[in-house]
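So the chains spell out like this:
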Amino acid sequence: MPDLLLELFSEEIPARMQAKAADDLRRLVTDKLVAEGLVYEGAKAFATPRRLALTVHGIPARQPDLKTERRGPKVGAPDAAVQGFLKATGLKSLDEAKIQRDPKGDFYIGLIEKPGRDAIDVLAEILPVIIRTFPWPKSMRWGARSAKSGSLSWVRPLHAITATFGPETEEPDIVKFEVDGIETGQTTYGHRFMAPAAISVRRFEDYEAKLKAAKVILDPQARKDIIFADAKELTFAQGFELVEDQVLLDEVSGLVEWPVVMIGSFEAEYLKIPDEVIRATIRNNQKCFVVKDPKTGKLTNKFVLTANIEAADGGKVIVSGNERVIRPRLSDAKFFYETDLKTKLEDRLPKFEQIVFHEKLGTQAERIKRIEVLAAEIAPLVGADVEKAKRAARLAKADLLTEVVGEFPEVQGLMGKYYALAQGEDPSVAAACEEHYKPQGPADRIPIDPVSVTVALADKIDTLMGFWVINERPTGSKDPYALRRAALGVIRIIVENQLRIPLMDVFIPAHIQVRDELKHQKLDRLADELKKLPSEVITARRANRILSKLEKEAFPAELPDEEVEDALDEIFDLRLFIDDRLEAQLRNQGARYDLARAVLELGTEDDLVLIVRRVEALGKFLESDDGKNLLAGTKRASNILAIEEKKDKRSFDGAPDAALYSLDEEKALAQAIGEVKAEASAAVAKEDFAAAMSAMAKLRPPVDAFFDKVRVNDDDARVRENRLKLLNEIRSATRAVADFSKIQD
C-alpha cells in the first residue's frame, strides 16, 4: 500500500516547541485519515530546527465505497415531502426506494451510494487545512496574501512543502496543493551552511538518507544519542565526568541539525562560586553542560558545548567564542555572590514588609511570622529544637531578596543554605533554608532533618490553610497556587518519615494564625481610612477611641458561635482534602482505591501513618480466604440491613436481646462478635493491625453458619428486629478496622 511523506521546511523552530509540534502533526494527519476511512498501518513524526516531517505508511490507495440508508417520509405523504426526499437521496423516482414496514406506518427508505475517492485526492484536501490551522503556541504572519486564504500563520516563515504519495515499488506522485503561494513538490534542503543546495526526494527512506548525506540528522533521539555519547567520551578522555542533564539535552538537540560536541574552559578562580550557580550560569546563558572531577565530586573549570557545524579549524573559533561569552557571565555571578555575602539574611527581612504575598493574606513578612509561630507548634511533635526551628523559619525565605536568586530563581533555597552557613548559622538551620521547599514533585526527595521537616510542614500547612480560609481552593483541573502539590508534600513528609502527628493539632493553630492575621489587616485598613479624614472632621483622640472600639469587636473574649462553625468547616474541609490526596497517593503506589476509602471513611483516625498501616494490613487480609469470605458475609449483612432500614425507615442500632436468641447459630455469632470486638479493639489500640485482622478472621465461621441456618426476616417482629440488630453488630465489629461496605467484591 502507498506511503505518505510530508515535510514542512521553515526558518528555525524554537527548540521547546519541536517535540509537541511533531506529535501534533502526526495526530492531526492520522486522525483525519481515519475519519476519511483511510486506516493506515503506522506513522512517525520528526523535528529538526528547520523542519517538521511525517511519514505514514500503509495507507489504502482509495477510500472504500460507502452505502447508507436514509429514512424518508411515510407512504402517502404530501408531494413536497416526497420531492425533498428524492432530491436528498439522489433517487429519480419512488420506484428506486424501498418500503420499510413499521407499526406507526410504512416509510420510504433510500439507499445512498457514495463512491470512494483516491487517497491522494483526500490528502490534497486535508493537508492544507491542517497546515493553515496548525496549533502553534505562538505564530507569525508574513508573505503575500492570497484571495483564498490570506497570509499564513506559522511559527516562522515557511519556505517549502514536500508531499509525496505512492507505493514502495513505484515512483511516488506529488500530493498537489498550495498554501499561501507555496506549492508542494519533492524538493527539500540540507544543512544551512554545510549543504544548503536543493535535494530531490521520493519517499521517506531516501529522504532520511539524503538528509544525512547533507549533514542533517532527522531523528531527535539520534541527535541526543550523538551529543550524549560524544560529551561523555570527551570528558572521560580528560579525566573528568559529564554532569548529565536530560532537560538541557532535549533542548540542545533541538538547536542543531548536525551536532558537533566540543569542550571549553574558564578561569579556575570562578570555582569559588557555588557549583549550582556556575551550572545555572553556563546552562541558562550558553546551553552548555558542566563537568565535574570524579575524585572530588566538585565542578571543574570545563564545559561542553554543542555546535551545529564542522568547522575547518576543528572548532577553535567556536570554543573561543563561547569562552568569551561565558567569562563575563561568570564574572557577574561571582560579583552577585560576593555582594550577597556582605549582607546578613536577617538584615534583608524588613524588605518583605513591602512585598505582598497575596492581597487577602498579607505581606511576605506577615506570612513569615505565621510560619515561625507554626514551626514552634510543630517542632515538639517531630523532635526538633524549637529555637532552631523558629530561627530557620525566620530566615528560610530571605534568599529570595539576594542578587543571585534574582538572576537565577531556580537556586532559591539552596543559596539560602550557603549564605546561612557563611554567616555561621547552625547546620540544621542552614539545611532547612534549602529543604523547606521540598518535596517539589513526586520524584523529589523529602527532608529528614527534624528542623527541615518542621519548617517544610509549617510552610506548606500555612499555605494550605491560608487559601482555605480565603476560599481560594482547587477546582477541577485548576490549581493556580499548587495546593495539591503542597498537600502531597505534607503527606509524603509525614508518612515517609513515619511521623506521629495528629493533623488537627497542627491545623487548629495554623487556622488561628491566618484568622488573626486577617483581622489585623481589617483593623489596618480601617486605620488607613481614618487617617484620610481631614483633621477638622475628626480629632486624633476621637480616632483612637474608634480604633479601640473596633479592636474589641474584632477580638472578643469569646468567638461568636457562627465564627466557630465557620472555622471548623474550613479546618475539616482541608482535612478531607488531605484525605483525598492521601487516597490518590496510595493508589499511585498500587493500593486499591476502595481499601483506602474503607479506612478513611471511618473518620476516626487523624494519624496518616496509622491510616497507611491500616490500608496495608487490610489489603493483606483480603488476599486470604478468611478475608474474602468475611468480606462476603459482612457485605451480605450490610445489604440486608440497608434494605430493611429503608423499608422500616429506621436504623437497627442498639444491643440485641440475648433472651430472644432461639438458635445456636445466633448465640455463637453473638458470642464471637463480643470476643472479636474486644480483641480487635485491643489490637488496634496497640497499633497491631495484623493482629486486629486475625481477630476479624474469627468471625468467618459463625457468620457463615448464621446465614446458612438462620432466617433473618422471621415472622415474629421482635425476633426479626433482634436478628437485624445482630447483623448490625457484625458491621459494627468490622468497623474497628475499616468500613467493609466500601470494599468492592
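Here's what I pulled together on the structure shown here. None of the values given here were measured: they were computed from a predicted structure.

When helices and strands are tallied, the chain shows 26 helices and 20 strands. If you line up the chain on its principal axes, its C-alpha atoms span 95 × 95 × 75 Å. Within the chain, buried positions represent 48% of all 745 residues. Surface accessibility of the chain: about 37,300 Å² in total, with carbon and sulfur atoms responsible for 50%. One way to put it: in the chain the 112 positive side-chain charges average out to a point 3 Å from where the 126 negative ones average out.

Within the element layout of this structure, R718 appears in helix 26 (residues 717-734). The spacing of R718 and K667 is 51 residues in sequence and 16 Å in space, taken between C-alpha atoms.

What follows covers the sheet that holds strand 6 (residues 107-114). Read from one edge of the open sheet, three strands run 4-6-5, paired in antiparallel fashion. Whereas interior strands pair on both sides, the edge strands pair on one side only; in this sheet they are strand 4 (66-74) and strand 5 (98-100). Put simply, the sheet's adjacent strands are angled 35 degrees from each other on average, direction ignored. When strand 5 meets strand 6, the two strands line up antiparallel, connected through three bridges. In the strand pairing of strand 6, I99 is matched with Y108. Along the sheet, helix 2 (residues 79-89) contacts strand 4 and strand 6; its crossing angle with strand 4, the most-contacted strand, is approximately 175 degrees.

The strand order across the open sheet formed by four strands is 15-17-18-16, and the pairing between neighbours is antiparallel. The open sheet terminates on both sides in strands that have one partner only, identified here as strand 15 (241-242) and strand 16 (260-265). As judged from the three bridges shared by strand 17 (residues 289-292) and strand 18 (residues 299-307), these two strands associate in the antiparallel manner. From the neighbouring strand, V290 faces strand 18, where its bridge partner is F303. Sheet contacts for helix 5 (residues 220-237): strand 15, strand 16, strand 17 and strand 18; angle to strand 16, the most-contacted strand, approximately 35 degrees. Across the sheet, helix 7 (residues 275-286) lies against strand 17 and strand 18, angled at about 15 degrees from strand 18, the strand it touches most.

Next up on the list: the pairing of strand 9 (residues 158-166). Most of strand 9 sits inside the fold, with eight of its nine residues counted as buried. In this sheet, strand 9 lies alongside strand 1 (residues 3-10) in antiparallel orientation, the contact comprising eight bridges. Paired with L5 across the bridge in strand 9 is T164. Direction of pairing for strand 9 relative to strand 12 (residues 182-185): parallel, over a ladder of two bridges. Within strand 12, the position partnered with T162 by the bridge is G185. With two bridges connecting them, strand 9 and strand 10 (residues 173-174) associate as antiparallel partners. Note that in strand 10 the partner of T164 across the bridge is I174. Taking the residues that link successive antiparallel strands as the turn, the strand 9-strand 10 hairpin has six residues.

Now for the pattern of salt bridges. Counted by the stated rule, this structure contains 60 salt bridges. The salt bridge involving R597 is made with E601; its shortest N-O contact spans 3.4 Å. Accessibility expressed as a relative area gives 35% for E601, which makes it partly exposed. Through salt bridges with shared partners, one network takes in R367, R370, K397, D459 and D462.

Cis geometry marks the peptide bond from K438 to P439; its omega dihedral reads -5 degrees. Structurally, P439 is set in the loop between helix 14 (427-435) and helix 15 (450-469). With a phi close to 55 degrees, K287 is a non-glycine residue in the positive phi region. Structurally, K287 can be placed in the loop between helix 7 and strand 17. Take K287: its relative accessible area is 28%, and that puts it in the partly exposed class. Within the chain, A482 stands out as a residue other than glycine whose phi angle is a positive 55 degrees. Mapped onto the elements of the fold, A482 is located in the loop between helix 15 and helix 16 (483-496).

Right, let's get into the packing of aromatic side chains. Using the criterion set out here, one finds twelve aromatic pairs in the structure. For the ring pair F9 and Y189, a centre distance of 5.3 Å and an interplane angle of 40 degrees mean the geometry is tilted. With a gap of 180 residues between them, F9 in strand 1 and Y189 in strand 13 (residues 187-189) connect regions that are remote in the sequence. With relative accessibility at 29%, the residue Y189 sits in the partly exposed group.

This paragraph deals with the packing of helix 14 against helix 15. The contact between helix 14 and helix 15 brings their axes to 8 Å, and the two run at 40 degrees. It follows from the interaxial angle that helix 14 and helix 15 lie oblique. Along this stretch, helix 14 crosses helix 15, giving a crossing that reads as right-handed. Listed contacts from helix 15 to S428, A431, A432 and E435 of helix 14 are V451, S452, V455 and A456. Among the residues making up the contact of helix 14 with helix 15, the classes are represented as five nonpolar, two polar and one charged.

On to the side chain of D180. Looking at where D180 falls in the secondary structure, it is placed in the loop between strand 11 (178-179) and strand 12. Buried and unpaired, D180 has R132 as its nearest opposite-charge partner, separated by 5.2 Å. Within polar-contact distance, the side chain of D180 engages the backbone nitrogen of L152 at 2.6 Å.

Our focus in this paragraph is the nonpolar core. L457, L618 and L727 are the most contacted members of the largest nonpolar core, which totals 141 residues. For this core, the element with the most residues is helix 15, which contributes twelve residues. The contacts of L457, once residues within four sequence positions are left out, are I378, V490, I493, I494, L499 and I501. One finds I126, I131, F165 and I182 within the second-largest nonpolar core, a separate group that totals 38 residues.

Before going further, it helps to examine the pairing of strand 1. Successive residues of a regular strand alternate their side chains across the two faces of the sheet. Counting buried positions along strand 1 gives seven out of eight residues, so the element sits mostly inside the fold. Relative to strand 3 (residues 51-57), strand 1 is paired through six bridges, and the arrangement is antiparallel. Bridging across to strand 3, F9 finds its partner in R51.

Once that is clear, we can look at helix 13 (residues 414-422). Every buried residue of helix 13 is listed here: L414, M415, G416, Y419 and A420. Those residues of helix 13 that are buried lie in contact with helix 7, helix 8 (316-341), helix 9 (345-348), helix 12 (403-407) and helix 14. At the exit of helix 13 stands G424, carrying a positive phi of roughly 85 degrees.

In this section: the packing of helix 22 (residues 625-648) against helix 25 (residues 700-709). Here helix 22 crosses helix 25 at 45 degrees, and the two axes come no closer than 9 Å. Classed by the angle they form, the pair helix 22 and helix 25 counts as oblique. The element helix 22 and its partner helix 25 pack so that their crossing is left-handed. Note on element contacts: helix 25 touches helix 22 through R700, V703 and F707, opposite D625, D626, N629, L630, G633, R636, A637 and I640. Among the residues making up the contact of helix 22 with helix 25, the classes are represented as five nonpolar, two polar and four charged.

Definitions and cut-offs
- Residues numbered from 1 in each chain as written.
- Predicted model: local features only at pLDDT ≥ 70, side-chain atom pairs only at ≥ 80, totals over all residues.
- Heavy atoms only, no water.
- Helix = DSSP H or I, 4+ residues; strand = E, 2+ residues; numbered from the N terminus.
- Buried < 20%, exposed > 50% of the residue type's maximum accessible area, 1.4 Å probe, protein only.
- Areas by Shrake-Rupley, 256 points an atom, 1.4 Å probe, with all protein chains shown as cover.
- Lys, Arg positive; Asp, Glu negative; His and termini not counted.
- Charge placed at Lys NZ, Arg CZ, Asp CG, Glu CD.
- Pairing = 2+ DSSP bridges.
- Axes fitted to C-alpha atoms, helices over the stretch in contact; angles between N-to-C directions.
- Contact = heavy atoms within 4.5 Å.
- Salt bridge = Lys/Arg side-chain N within 4 Å of Asp/Glu carboxyl O.
- Phe/Tyr/Trp six-rings, centres within 6.5 Å; stacked < 30°, edge-to-face > 60°.
- Parallel < 35°, antiparallel > 145°, perpendicular 65-115°, else oblique.
- Left-handed = near helix turned anticlockwise from the far one by under 90°.
- Nonpolar A, V, L, I, M, F, W, Y, C, P; charged D, E, K, R; others polar.
- Polar contact = N/O pair within 3.5 Å; in protein donor to acceptor, adjacent residues only side chain to side chain.
- Core = buried A, V, L, I, M, F, W, Y, C linked by side-chain atoms within 4.5 Å.

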